[in-house]
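# Remarks on the overall topology
This is what each chain is made of:
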Amino acid sequence: MKRNRFMGRIPLLAICIMVITACGSGDSDDNSAVNVVKNVDTEVTQDNNSVPETDSDNAFDKECWCEYPYQHDYAEYLNDLGFYQGIYIGDINDDEIPEVIIDINDYGSFQLLYYTEGSMKMLDLETVSASGAVTWIADTKQFIHCPFFGHTTGTWGYIEYYVFDWTGMEYEQTLSLLRESGRYIDENDNEYGRCYINDEETDAATFEEKLEEIEKLVQENSRLSEAFPIVHIDDENFEDYVKENLPCFGN
(Lines give C-alpha, C1' and ligand atoms only; values in the text may rest on other atoms or scores of the structure.)
Protein backbone atom coordinates (compact mmCIF):
# COMPACT_ATOMS: atom_id res chain seq x y z
CA MET A 1 0.00 0.00 0.00
CA LYS A 2 2.81 2.42 0.77
CA ARG A 3 4.39 1.81 -2.66
CA ASN A 4 1.10 2.39 -4.49
CA ARG A 5 0.54 5.73 -2.72
CA PHE A 6 3.98 6.89 -3.73
CA MET A 7 3.52 5.81 -7.31
CA GLY A 8 0.22 7.64 -7.41
CA ARG A 9 1.99 10.90 -6.58
CA ILE A 10 4.64 10.66 -9.33
CA PRO A 11 2.54 12.37 -12.05
CA LEU A 12 1.76 15.29 -9.74
CA LEU A 13 5.41 15.64 -8.80
CA ALA A 14 6.43 15.63 -12.43
CA ILE A 15 3.97 18.41 -13.21
CA CYS A 16 5.37 20.58 -10.39
CA ILE A 17 8.93 20.06 -11.65
CA MET A 18 7.86 21.10 -15.15
CA VAL A 19 6.24 24.28 -13.86
CA ILE A 20 9.28 25.24 -11.80
CA THR A 21 11.59 24.56 -14.76
CA ALA A 22 9.45 26.68 -17.04
CA CYS A 23 9.51 29.59 -14.56
CA GLY A 24 13.24 29.36 -14.17
CA SER A 25 13.86 29.36 -17.94
CA GLY A 26 11.68 32.44 -18.60
CA ASP A 27 13.28 35.39 -20.37
CA SER A 28 14.30 38.72 -18.78
CA ASP A 29 10.96 40.35 -19.61
CA ASP A 30 9.22 38.15 -17.03
CA ASN A 31 11.71 39.19 -14.38
CA SER A 32 11.21 42.84 -15.26
CA ALA A 33 7.48 42.45 -14.83
CA VAL A 34 7.98 41.05 -11.35
CA ASN A 35 10.29 43.93 -10.44
CA VAL A 36 7.77 46.49 -11.70
CA VAL A 37 5.10 45.05 -9.43
CA LYS A 38 7.45 45.24 -6.47
CA ASN A 39 8.27 48.87 -7.22
CA VAL A 40 4.61 49.80 -7.48
CA ASP A 41 3.94 48.15 -4.14
CA THR A 42 6.71 50.23 -2.61
CA GLU A 43 5.31 53.46 -4.04
CA VAL A 44 1.85 52.70 -2.72
CA THR A 45 3.28 52.05 0.70
CA GLN A 46 5.05 55.38 0.66
CA ASP A 47 1.93 57.18 -0.51
CA ASN A 48 0.07 55.77 2.48
CA ASN A 49 2.68 57.34 4.81
CA SER A 50 3.73 53.95 6.13
CA VAL A 51 7.05 54.39 7.94
CA PRO A 52 9.34 51.39 8.55
CA GLU A 53 9.41 50.28 12.15
CA THR A 54 13.05 51.31 12.48
CA ASP A 55 12.06 54.95 11.87
CA SER A 56 8.74 55.00 13.70
CA ASP A 57 10.26 56.55 16.81
CA ASN A 58 11.61 59.55 14.90
CA ALA A 59 8.72 61.98 14.51
CA PHE A 60 10.85 64.37 12.46
CA ASP A 61 11.16 61.70 9.71
CA LYS A 62 7.39 61.60 9.27
CA GLU A 63 5.52 64.01 7.04
CA CYS A 64 6.99 67.36 7.96
CA TRP A 65 7.63 70.67 6.20
CA CYS A 66 10.05 72.08 8.77
CA GLU A 67 13.62 72.82 7.78
CA TYR A 68 14.95 72.62 11.32
CA PRO A 69 14.13 70.29 14.24
CA TYR A 70 13.35 73.21 16.57
CA GLN A 71 10.58 74.35 14.21
CA HIS A 72 8.94 70.93 14.37
CA ASP A 73 9.21 70.68 18.16
CA TYR A 74 7.79 74.17 18.67
CA ALA A 75 4.90 73.42 16.31
CA GLU A 76 4.11 70.13 18.01
CA TYR A 77 4.07 71.83 21.41
CA LEU A 78 1.67 74.52 20.20
CA ASN A 79 -0.53 71.92 18.50
CA ASP A 80 -0.95 70.14 21.84
CA LEU A 81 -1.37 73.28 23.96
CA GLY A 82 -4.91 73.60 25.20
CA PHE A 83 -5.29 77.35 25.63
CA TYR A 84 -3.27 80.47 24.89
CA GLN A 85 -4.04 83.84 23.37
CA GLY A 86 -1.02 84.75 21.30
CA ILE A 87 2.65 84.17 20.49
CA TYR A 88 5.82 85.88 19.38
CA ILE A 89 8.57 84.06 17.47
CA GLY A 90 12.06 85.53 17.35
CA ASP A 91 15.63 85.28 18.56
CA ILE A 92 15.44 87.14 21.86
CA ASN A 93 18.73 85.94 23.38
CA ASP A 94 21.03 86.28 20.32
CA ASP A 95 21.85 82.57 20.11
CA GLU A 96 20.82 82.47 16.42
CA ILE A 97 17.90 80.13 17.19
CA PRO A 98 14.41 81.66 17.47
CA GLU A 99 12.46 81.35 20.69
CA VAL A 100 8.68 81.28 21.12
CA ILE A 101 6.99 83.50 23.70
CA ILE A 102 3.49 82.19 24.45
CA ASP A 103 1.01 84.64 25.94
CA ILE A 104 -1.18 82.34 28.02
CA ASN A 105 -3.83 84.60 29.54
CA ASP A 106 -4.85 88.07 30.68
CA TYR A 107 -3.32 87.46 34.12
CA GLY A 108 0.17 87.88 32.68
CA SER A 109 1.18 84.22 32.46
CA PHE A 110 3.74 83.33 29.79
CA GLN A 111 5.70 80.33 28.61
CA LEU A 112 9.01 80.53 26.81
CA LEU A 113 10.10 77.79 24.40
CA TYR A 114 13.78 77.69 23.54
CA TYR A 115 16.11 75.19 21.91
CA THR A 116 19.45 74.18 23.32
CA GLU A 117 21.80 71.21 22.97
CA GLY A 118 19.49 69.57 20.45
CA SER A 119 16.30 69.65 22.50
CA MET A 120 13.46 72.00 23.36
CA LYS A 121 13.05 73.45 26.83
CA MET A 122 10.21 75.43 28.39
CA LEU A 123 10.45 78.20 30.96
CA ASP A 124 7.13 78.54 32.81
CA LEU A 125 6.40 82.12 33.87
CA GLU A 126 2.97 81.65 35.40
CA THR A 127 1.30 84.31 37.52
CA VAL A 128 -1.30 83.44 40.13
CA SER A 129 -3.46 86.42 39.26
CA ALA A 130 -3.30 89.88 37.72
CA SER A 131 -1.27 90.81 40.81
CA GLY A 132 1.73 89.10 39.24
CA ALA A 133 3.86 90.17 36.27
CA VAL A 134 6.75 89.21 33.99
CA THR A 135 9.34 91.85 33.08
CA TRP A 136 11.90 91.66 30.27
CA ILE A 137 15.33 93.26 30.79
CA ALA A 138 16.50 93.84 27.21
CA ASP A 139 20.09 94.85 28.03
CA THR A 140 20.88 91.71 30.01
CA LYS A 141 18.37 89.27 28.39
CA GLN A 142 16.87 88.61 31.84
CA PHE A 143 13.36 87.78 32.95
CA ILE A 144 12.04 89.06 36.27
CA HIS A 145 9.10 86.92 37.28
CA CYS A 146 6.67 87.95 40.00
CA PRO A 147 4.04 85.20 40.40
CA PHE A 148 2.14 87.08 43.11
CA PHE A 149 2.33 89.93 45.59
CA GLY A 150 0.03 90.48 48.53
CA HIS A 151 -2.52 93.24 48.19
CA THR A 152 -5.33 92.26 50.54
CA THR A 153 -5.69 92.20 54.33
CA GLY A 154 -4.90 88.50 54.49
CA THR A 155 -1.93 88.61 52.09
CA TRP A 156 -0.41 91.98 52.97
CA GLY A 157 3.37 92.01 52.62
CA TYR A 158 3.66 88.72 50.74
CA ILE A 159 5.85 88.92 47.65
CA GLU A 160 7.80 86.63 45.32
CA TYR A 161 10.43 87.51 42.74
CA TYR A 162 12.55 85.26 40.54
CA VAL A 163 15.29 86.36 38.16
CA PHE A 164 16.25 84.19 35.18
CA ASP A 165 19.50 84.74 33.27
CA TRP A 166 20.51 83.40 29.88
CA THR A 167 23.75 81.50 30.44
CA GLY A 168 24.46 80.89 26.78
CA MET A 169 23.05 77.37 27.08
CA GLU A 170 19.84 77.74 29.10
CA TYR A 171 17.70 80.04 31.20
CA GLU A 172 18.79 79.61 34.79
CA GLN A 173 17.25 81.01 37.98
CA THR A 174 19.90 83.24 39.54
CA LEU A 175 17.90 84.97 42.26
CA SER A 176 14.80 84.35 44.34
CA LEU A 177 13.13 86.65 46.84
CA LEU A 178 10.31 85.56 49.11
CA ARG A 179 8.65 87.42 51.96
CA GLU A 180 5.82 85.97 53.96
CA SER A 181 3.01 88.12 55.32
CA GLY A 182 2.27 89.21 58.87
CA ARG A 183 5.41 88.50 60.94
CA TYR A 184 7.22 91.80 61.57
CA ILE A 185 6.38 95.52 61.56
CA ASP A 186 8.40 98.13 59.66
CA GLU A 187 8.86 101.81 60.44
CA ASN A 188 5.51 102.57 58.80
CA ASP A 189 3.69 100.06 60.99
CA ASN A 190 3.29 97.62 58.10
CA GLU A 191 3.34 94.04 59.30
CA TYR A 192 5.45 91.63 57.26
CA GLY A 193 6.66 88.03 57.45
CA ARG A 194 9.89 86.09 57.37
CA CYS A 195 12.24 86.95 54.51
CA TYR A 196 14.26 84.68 52.23
CA ILE A 197 16.89 85.35 49.58
CA ASN A 198 17.76 82.33 47.44
CA ASP A 199 15.82 80.15 49.90
CA GLU A 200 17.93 81.25 52.87
CA GLU A 201 16.27 83.23 55.65
CA THR A 202 17.60 86.75 56.04
CA ASP A 203 16.89 89.87 58.08
CA ALA A 204 14.32 92.42 57.00
CA ALA A 205 16.82 95.18 56.20
CA THR A 206 18.88 93.01 53.85
CA PHE A 207 15.73 91.78 52.15
CA GLU A 208 14.35 95.29 51.71
CA GLU A 209 17.58 96.45 50.11
CA LYS A 210 17.51 93.64 47.54
CA LEU A 211 13.79 94.06 46.96
CA GLU A 212 14.28 97.76 46.23
CA GLU A 213 16.94 96.89 43.65
CA ILE A 214 14.65 94.42 41.85
CA GLU A 215 11.63 96.69 41.92
CA LYS A 216 13.71 99.49 40.42
CA LEU A 217 14.60 97.21 37.49
CA VAL A 218 10.93 96.34 37.06
CA GLN A 219 9.97 100.01 36.93
CA GLU A 220 12.71 100.88 34.43
CA ASN A 221 11.92 98.07 31.99
CA SER A 222 8.93 96.71 30.10
CA ARG A 223 6.34 94.11 30.81
CA LEU A 224 6.88 91.10 28.59
CA SER A 225 3.59 91.71 26.77
CA GLU A 226 4.82 95.20 25.81
CA ALA A 227 8.42 94.28 24.98
CA PHE A 228 7.56 92.04 22.01
CA PRO A 229 4.84 92.32 19.33
CA ILE A 230 2.61 89.44 20.34
CA VAL A 231 0.44 88.15 17.48
CA HIS A 232 -2.92 87.12 18.93
CA ILE A 233 -4.95 84.15 17.77
CA ASP A 234 -7.85 86.36 16.71
CA ASP A 235 -5.59 88.45 14.45
CA GLU A 236 -6.20 87.84 10.74
CA ASN A 237 -2.56 87.05 10.07
CA PHE A 238 -2.09 84.71 13.04
CA GLU A 239 -2.09 81.38 11.18
CA ASP A 240 0.06 82.69 8.32
CA TYR A 241 2.50 84.18 10.82
CA VAL A 242 2.92 80.91 12.72
CA LYS A 243 3.08 78.66 9.65
CA GLU A 244 5.68 80.88 8.05
CA ASN A 245 7.94 80.29 11.04
CA LEU A 246 6.71 76.82 12.09
CA PRO A 247 5.44 75.01 8.97
CA CYS A 248 4.04 72.01 10.88
CA PHE A 249 1.73 74.20 12.97
CA GLY A 250 -1.85 72.96 12.83
CA ASN A 251 -0.97 69.60 11.25
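Everything below is about the structure shown above.
Rules and cut-offs
Residues numbered from 1 in each chain as written. Predicted model: local features only at pLDDT ≥ 70, side-chain atom pairs only at ≥ 80, totals over all residues. Heavy atoms only, no water. Buried < 20%, exposed > 50% of the residue type's maximum accessible area, 1.4 Å probe, protein only. Helix = DSSP H or I, 4+ residues; strand = E, 2+ residues; numbered from the N terminus. Pairing = 2+ DSSP bridges. Phe/Tyr/Trp six-rings, centres within 6.5 Å; stacked < 30°, edge-to-face > 60°. Expected span 1.5 Å × (residues − 1). Contact = heavy atoms within 4.5 Å. Salt bridge = Lys/Arg side-chain N within 4 Å of Asp/Glu carboxyl O. 1 Å grid on protein atoms, 1.4 Å probe; cavity = no way out; pocket = protein on both sides within 12 Å on 5 of 7 lines; lining within 4 Å. Points joined across faces, edges and corners; volume = space filled by probe spheres on them. Nonpolar A, V, L, I, M, F, W, Y, C, P; charged D, E, K, R; others polar. Axes fitted to C-alpha atoms, helices over the stretch in contact; angles between N-to-C directions.

What follows covers the pairing of strand E3 (residues 110–116). Consecutive side chains of a regular strand alternate in pointing toward one face of the sheet and then the other. Counting buried positions along E3 gives 7 out of 7 residues, so the element sits mostly inside the fold. By the alternation rule, side chains of E3 split into Phe 110, Leu 112, Tyr 114 and Thr 116 and Gln 111, Leu 113 and Tyr 115, which are all buried. Here strand E2 (residues 99–103) runs beside E3; their pairing, made up of 4 bridges, is antiparallel. Along E3, the bridge assignment pairs Val 100 with Leu 113. The turn joining E2 and E3, which pair antiparallel and follow one another in sequence, is formed by 6 residues; a positive phi near 90° is taken by Gly 108. Note: E3 against strand E4 (residues 119–125), 7 bridges, orientation antiparallel. Its bridge partner lying in E4, Leu 113 is registered against Met 122. Counting the residues between successive antiparallel strands, the hairpin from E3 to E4 contains 2 residues, one of them, Glu 117, with a positive phi of roughly 50°.

A few words now on the packing of aromatic side chains. Under the criterion given, the structure shown has 14 aromatic pairs. Arranged with centres 6.1 Å apart and planes meeting at 80°, the rings of Phe 238 and Phe 249 form a pair that is edge-to-face. Separated by 11 residues along the polypeptide, Phe 238 in helix H6 (residues 238–245) and Phe 249 in the segment after H6 bring together distant segments of the chain. For Phe 238, a relative accessible area of 6% corresponds to the buried category. Ring pairs connect the aromatic residues Tyr 88, Tyr 114, Trp 136, Phe 143, Trp 166, Tyr 171 and Phe 228, which therefore count as one cluster.

Working note: α-helix, 3.6 residues per turn, so residues spaced by three or four point in the same direction. Taking 1.5 Å per residue as the helical rise, helix H3 (residues 69–80) with its 12 residues ought to reach 16 Å, and the 17 Å between its terminal C-alpha atoms agrees with that figure. Three or more residues of H3 are buried, namely Tyr 70, Gln 71, His 72, Tyr 74, Ala 75 and Leu 78. The secondary structure elements touched by the buried residues of H3 are strand E1 (86–90), E2, E3, E4 and H6.

Below, the discussion takes up the pattern of salt bridges. A full pass over the atoms with the stated rule returns 6 salt bridges. The residue Lys 141 makes a salt bridge to Asp 94 at a minimum N-O spacing of 3.5 Å. Taken together, the residues span a long stretch of sequence, with Lys 141 in the loop between strand E5 (133–137) and strand E6 (142–146) and Asp 94 in the loop between E1 and E2 at a distance of 47 residues. We classify Lys 141 as partly exposed; its relative accessible area is 22%. One salt bridge connects Glu 180 with Arg 194, and the closest N-O pair in it is separated by 3.0 Å. Of this pair, Glu 180 sits in strand E8 (residues 171–185) while Arg 194 sits in strand E9 (residues 191–197), and the two are 14 residues apart along the sequence.

Another aspect to go through is the layout of surface pockets. Roughly 430 Å³ of volume is contained in the largest pocket. The wall of the largest pocket is formed by 27 residues, among which Phe 149, Ile 159, Arg 179, Leu 211 and Glu 215 lie closest to the centre. Breaking the lining of the largest pocket down by element, the ones donating at least two residues are E5, E6, strand E7 (159–166), E8 and helix H4 (204–220). Looking at the lining of the largest pocket, the element that brings in the most residues is H4, giving 6 residues. Of the residues belonging to the lining of the largest pocket, the class tally is 15 nonpolar, 6 polar and 6 charged.

This brings us to the sheet that holds E1. In space, the 5 strands of this open sheet follow the order E4-E3-E2-E1-E12, with antiparallel pairing throughout. Since the sheet does not close on itself, it has two edges, and those belong to E4 and strand E12 (231–232), each with one partner. Strands E1, E2, E3 and E4 of the sheet are contacted by H3, whose axis makes an angle of about 155° with E3. The strands touched by H6 are E1 and E12; relative to E1, the strand with the most contacts, the crossing angle is about 35°.

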